[in-house]
Amino acid sequence: MSSHYVPNARLRTLVFKTSGDASRHAALIVERLVRENNSAGRPTVLGLATGSTPVGLYRELIRLHKEEGLDLSGVITFNLDEYFPIPPDDPHSYHRWMHETFFNHVNIKKHNIHIPDGTLKKDDAEDYCQRYEMAIRKAGGIDIQVLGIGRTGHIGFNEPGSTRNSRTRLVTLDPVTRRDAAGDFFGEENVPQQAITMGVGTILEARKVVLMAFGEHKAPIVVKAVEQPQTEAISASFLQSHPDATVLLDEAAAGDLTVFRRPWEVTTVDWTPDRIRQAVVWLSLTVKKALLKLSDPDFRDHHLYDLLREHGPAETLGWEVFQDRAKTIQHEPAGKEPQTVLVFSPHPDDDVISMGGTIIRLVEQGHKVHVAYMTSGNIAVFDHDARRFADFVEAFNRIFGIDGKATAEVKERVQKFLDAKGPGQPDTDEVLKIKGLIRETEARAAALACGIPPERLEFMDLRFYRTGTIAKAPIHPEDINDIVKLFERLQPAQIYVAGELSDPHGTHRTCAEAIYEAVRRVRRKGQNFEVWLYRGAWEEWEPHQIEMAVPLSPETVERKKLAIFRHQSQKDKAMFPGGHDKREFWQRAEERNRATAIAYDALGLPEFYAVEAFVRWKDG
Ligand code: F6R
């Protein structure tokens, strides 16, 4: 597991290539101490966290237990927090989550597991919290505290404003935290208002602290916690005063650290062509001067004298980067000869949201464009839509004299189920099928709006997605085989993949990894094609990263928006994960394509209305 320390950080910070590597490193820290204490006949006290971040750590500890004899019978655990009020068997309680994710698979003794009680009476909370702290002390204090970090900078549920000395207590959750949890609870209104959490002071008493953060969405808060002075506004920043705290990041979560954004400010830089491009583009956008207007003093005033000395003067650097960026502009993304192009869409709308304009262009230029929808996306359909379509089909069949009885029965079953459905309760297979069908028909309509006929669409319904819940299974070997077969059947000249960095356990990431594996397999058999990465619905490639920029006219952007509109069920997604952004998909798509065009314009490149951006996939 290769990793490197971040220079100039106020907290010891290690960056790993992937979240898997970082999780294995965290597991190693825990394993070492447990084995050492086991041989000395001492217990090990672990402070544990929930959420998406520690999943990989728990998986690895389970593996070590099952395959490498790691004995956890001497481990005592204290969880950081629990929602309040919440019964322990609630599908969203941290009690249930911890048991399902970890405790049920290892040999930690039941009586050694401590998780704050979400069922106590409010009046008893203070006493209860003191007893929780006492239990920690009685166990000898926490040896290793595992932490994630929320987008508010919280550790545990210590929201902004928590003091350095705060102790275990009942707290009110921040609106951002509640919004982030909305996806798990199927609506923000179902997320509890309060939680019981260990305090910052409690956490700081642990002998060792390991904070993990994965995914691009954590990058902005990580940089504040790690590089800025300690402040109550960001509880995690208090870890800076802990004698043995380590932050473990994947590359995506580390992306905003100065050492990556502006490495020349904190270390000696090896001026590779990529780094030169990053620095010069950054400088141009920062000083608001086109590439060809940059001057030597601009470089000197911004810590770039080394670059100037080695590769300058400014005129040369500006000209080289200008030429390089100009070459990214591509009006014919698949060339002049008609080709088969295969676009992978993790959910049924990522294709049009992220590269609808390019798809329209490719179709107009005579290429055979196929789209493979990798998952049904059924989780993201509202109940009311399933109800409406059951109603529609029943009325449709009645009008056209088709098999009325069976449809009426389905409609009744669906309505009955939805009437009684509790928040977060998984759907029946029947409802999931209807929801999947809604998205499939929307995808067909949207593809047609881009000029792709239905026979060029593949609905793969990959197995890893079919859990009926937000949590997904790992990729299935048959999923990869399905992709390989698709490559063999279609023989594409070019494929497009959603190349996400964020959301390490998310659908996009899993889809991308399955595709990469399939590409490696067919390449070994001699099949070859270009692999281009687009960014999913939430982010965009940055101007210095782009390797192919496809300009879009205002008319094409309008057509792209019309295609996005076809995904009617995906309107108003503010309550779903990532839904902190209240704007709708078509608005964000347009803004982001415009933003890239504006950045190109600011660099002094030709002025376009909008641009879709791509990067080439490089294996490893
Ligand atoms: C969980 C906890 C929280 C999470 C944080 C990050 O017990 O205390 O502080 O660690 O909200 O959550 P994820 O990992 O889901 O991004």
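### Topic: the overall build of the protein
Next, step 1: Scanning the protein from terminus to terminus reveals 20 helices and 18 strands.
Next, step 2: Relative to the globule expectation of 25 Å for 620 residues, the C-alpha radius of gyration of the protein, 26 Å, shows essentially globular dimensions.
Next, step 3: By residue count, 54% of the 620 residues in the protein fall in the buried class.
Next, step 4: Surface accessibility of the protein: about 26800 Å² in total, with carbon and sulfur atoms responsible for 51%.
Next, step 5: Taking the average location of the 80 positive side-chain charges in the protein and that of its 90 negative ones, the two points are 1 Å from each other.

### Quick notes on the pattern of salt bridges
Note on pairing: side chains with opposite charge can pair once their charged atoms come close.
Next, step 1: All chains considered together, the criterion is met by 52 salt bridges.
Next, step 2: Across the salt bridge formed by Lys17 and Glu251, the nearest N and O atoms sit 3.6 Å from each other. Separated by 234 residues along the polypeptide, Lys17 in the loop between strand 2 (12–16) and helix 1 (19–40) and Glu251 in the loop between strand 11 (245–250) and helix 8 (258–261) bring together distant segments of the chain.
Next, step 3: Since its relative accessible area comes to 44%, Lys17 is described here as partly exposed.
Next, step 4: For the salt bridge of Arg444 with Glu440, the shortest nitrogen-to-oxygen distance reads 3.0 Å. With Arg444 and Glu440 both in helix 16 (residues 429–449), this residue pair falls four residues apart, about one helical turn.

### Things to note about the layout of surface pockets
Next, step 1: Roughly 330 Å³ of internal volume is contained in the second largest pocket.
Next, step 2: Looking at the second largest pocket, it is lined by 19 residues, and the ones nearest its centre are Ser376, Asn378, Leu432, Gly436 and Asp461.
Next, step 3: The leading source of residues in the lining of the second largest pocket is helix 16, at seven residues.
Next, step 4: For the lining of the second largest pocket, the per-class residue count stands at seven nonpolar, six polar and six charged.

### Some thoughts on the pairing of strand 7 (residues 144–147)
Next, step 1: Across the two faces of strand 7 the burial is the same, with Ile144 and Val146 and Gln145 and Leu147 all buried.
Next, step 2: Pairing of strand 3 (residues 44–48) with strand 7, which is carried by two bridges, proceeds in the parallel orientation. When the sheet's bridge partners are listed, Leu46 is paired in strand 7 with Ile144.
Next, step 3: With four bridges joining them, strand 7 and strand 10 (residues 208–213) adopt parallel strand pairing. Note on strand 10: the bridge partner recorded for Ile144 is Lys208.

### A short note on the site of the ligand
Next, step 1: Around the ligand, 13 residues are found, and the nearest of them are Thr53, Asp81, His154, Gly156 and Lys218.
Next, step 2: In this structure, an oxygen atom belonging to the ligand sits 3.5 Å away from a main-chain N or O atom of Gly148.
Next, step 3: The contact in question runs from an oxygen atom of the ligand to an N or O atom on the side chain of His154, over 2.6 Å.
Next, step 4: Taken together, the residues of the shell around the ligand break down into three nonpolar, eight polar and two charged.

### A word on the nonpolar core
Next, step 1: Formed by 59 residues in total, the largest nonpolar core has its most connected members in Phe299, Phe344, Phe487 and Ile495.
Next, step 2: The element that contributes the greatest number of residues to this core is helix 18 (residues 507–524), accounting for eight residues.
Next, step 3: Setting aside residues no more than four positions away along its own chain, Phe487 makes contact with Leu342, Phe344, Pro492, Ile495, Ile515, Ala518, Val519, Val522, Gln527 and Phe529.

### Here we look at a negative patch on the surface
Next, step 1: Where like charges cluster on the molecular surface, the negative patch consists of Asp123, Asp124, Glu126 and Asp127.
Next, step 2: Checked against the element boundaries, Glu126 lands in helix 4 (residues 125–138).
Next, step 3: We classify Glu126 as exposed; its relative accessible area is 61%.

### As for the sheet that holds strand 3
Next, step 1: Spatially, the eight strands line up as an open sheet ordered 1-2-11-10-7-3-4-6, and their pairing is mixed. Each edge of the open sheet carries a strand with a single partner, namely strand 1 (3–5) and strand 6 (113–114).

### Details of the packing of helix 2 (residues 55–67) against helix 3 (residues 94–101)
Next, step 1: The contact between helix 2 and helix 3 brings their axes to 10 Å, and the two run at 40°. The angle between the axes of helix 2 and helix 3 places the two elements in the oblique class. Contacts between helix 2 and helix 3 involve Val55, Tyr58 and Ile62 on the former and, on the latter, Trp97, Met98 and Thr101.
Next, step 2: Residue classes in the contact of helix 2 with helix 3 are distributed as five nonpolar, one polar and no charged.

### Quick look at helix 4
Next, step 1: End to end, helix 4 covers 20 Å across 14 residues, agreeing with the expected 20 Å (1.5 Å per residue, within 8%).
Next, step 2: Buried residues in helix 4 make contact with strand 4 (75–79), strand 6, strand 8 (169–172), strand 9 (194–197) and helix 6 (200–204).
Next, step 3: Positioned one or two residues after helix 4, Gly140 has a phi angle of 100°, which is positive.

### Some details on the packing of helix 14 (residues 383–399) against helix 15 (residues 404–420)
Angle between the axes and distance between the axes are the two parameters that describe a pair of packed helices.
Next, step 1: Remark: helix 14 packs on helix 15, axes separated minimally by 9 Å, with the N-to-C direction vectors making an angle of 160°. On the basis of their axis angle, the class for helix 14 and helix 15 is roughly antiparallel. Of the two possible hands of crossing, helix 14 and helix 15 adopt the one that is left-handed. Across the interface between the two elements, Asp383, Ala386, Arg387, Ala390, Asp391, Val393, Glu394 and Asn397 from helix 14 touch Thr407, Ala408, Lys411, Val414, Gln415, Leu418 and Asp419 from helix 15.
Next, step 2: A class-by-class count of the residues in the contact of helix 14 with helix 15 yields six nonpolar, three polar and six charged.

### Regarding the side chain of Ser235
Next, step 1: Note that Ser235 resides in the loop between helix 7 (219–227) and strand 11.
Next, step 2: Polar contacts involving the side chain of Ser235 include one to the main-chain carbonyl oxygen of Asn158, which spans 2.6 Å.
Next, step 3: Contact partners of Ser235, with chain neighbours within four places excluded, come to Gly153, His154, Ile155, Asn158, Glu159, Ser162 and Val200.

### Re the packing of aromatic side chains
Next, step 1: By the definition in use, this model includes 21 aromatic pairs.
Next, step 2: Each ring, one from Phe565 and one from Trp586, has its centre 5.6 Å from the other, and the planes form 75°; the classification is edge-to-face. Separated by 21 residues along the polypeptide, Phe565 in helix 19 (residues 554–565) and Trp586 in helix 20 (residues 585–602) bring together distant segments of the chain.
Next, step 3: By way of ring pairs, the aromatic residues Tyr58, Trp97, Phe102 and Phe103 are connected into one cluster.
Next, step 4: Between the NZ or CZ atom of Arg535 and the centre of the ring of Trp541, over which it lies, the distance is 3.8 Å.

Cut-off values and rules
Residues numbered from 1 in each chain as written. Predicted model: local features only at pLDDT ≥ 70, side-chain atom pairs only at ≥ 80, totals over all residues. Heavy atoms only, no water. Helix = DSSP H or I, 4+ residues; strand = E, 2+ residues; numbered from the N terminus. Rg over C-alpha atoms; globule rule 2.2 N^0.38 Å. Buried < 20%, exposed > 50% of the residue type's maximum accessible area, 1.4 Å probe, protein only. Areas by Shrake-Rupley, 256 points an atom, 1.4 Å probe, with all protein chains shown as cover. Lys, Arg positive; Asp, Glu negative; His and termini not counted. Charge placed at Lys NZ, Arg CZ, Asp CG, Glu CD. Salt bridge = Lys/Arg side-chain N within 4 Å of Asp/Glu carboxyl O. 1 Å grid on protein atoms, 1.4 Å probe; cavity = no way out; pocket = protein on both sides within 12 Å on 5 of 7 lines; lining within 4 Å. Points joined across faces, edges and corners; volume = space filled by probe spheres on them. Nonpolar A, V, L, I, M, F, W, Y, C, P; charged D, E, K, R; others polar. Pairing = 2+ DSSP bridges. Near = heavy atom within 4 Å. Polar contact = N/O pair within 3.5 Å; in protein donor to acceptor, adjacent residues only side chain to side chain. Core = buried A, V, L, I, M, F, W, Y, C linked by side-chain atoms within 4.5 Å. Contact = heavy atoms within 4.5 Å. Patch = residues over 30% accessible without salt bridge, like charges linked within 9 Å, V, L, I, M, F, W, Y side chains within 5 Å. Axes fitted to C-alpha atoms, helices over the stretch in contact; angles between N-to-C directions. Parallel < 35°, antiparallel > 145°, perpendicular 65-115°, else oblique. Expected span 1.5 Å × (residues − 1). Left-handed = near helix turned anticlockwise from the far one by under 90°. Phe/Tyr/Trp six-rings, centres within 6.5 Å; stacked < 30°, edge-to-face > 60°. Lys NZ or Arg CZ within 6 Å of the ring centre and 35° of its normal.

Interpretation in functional terms is not warranted from these geometric data alone.
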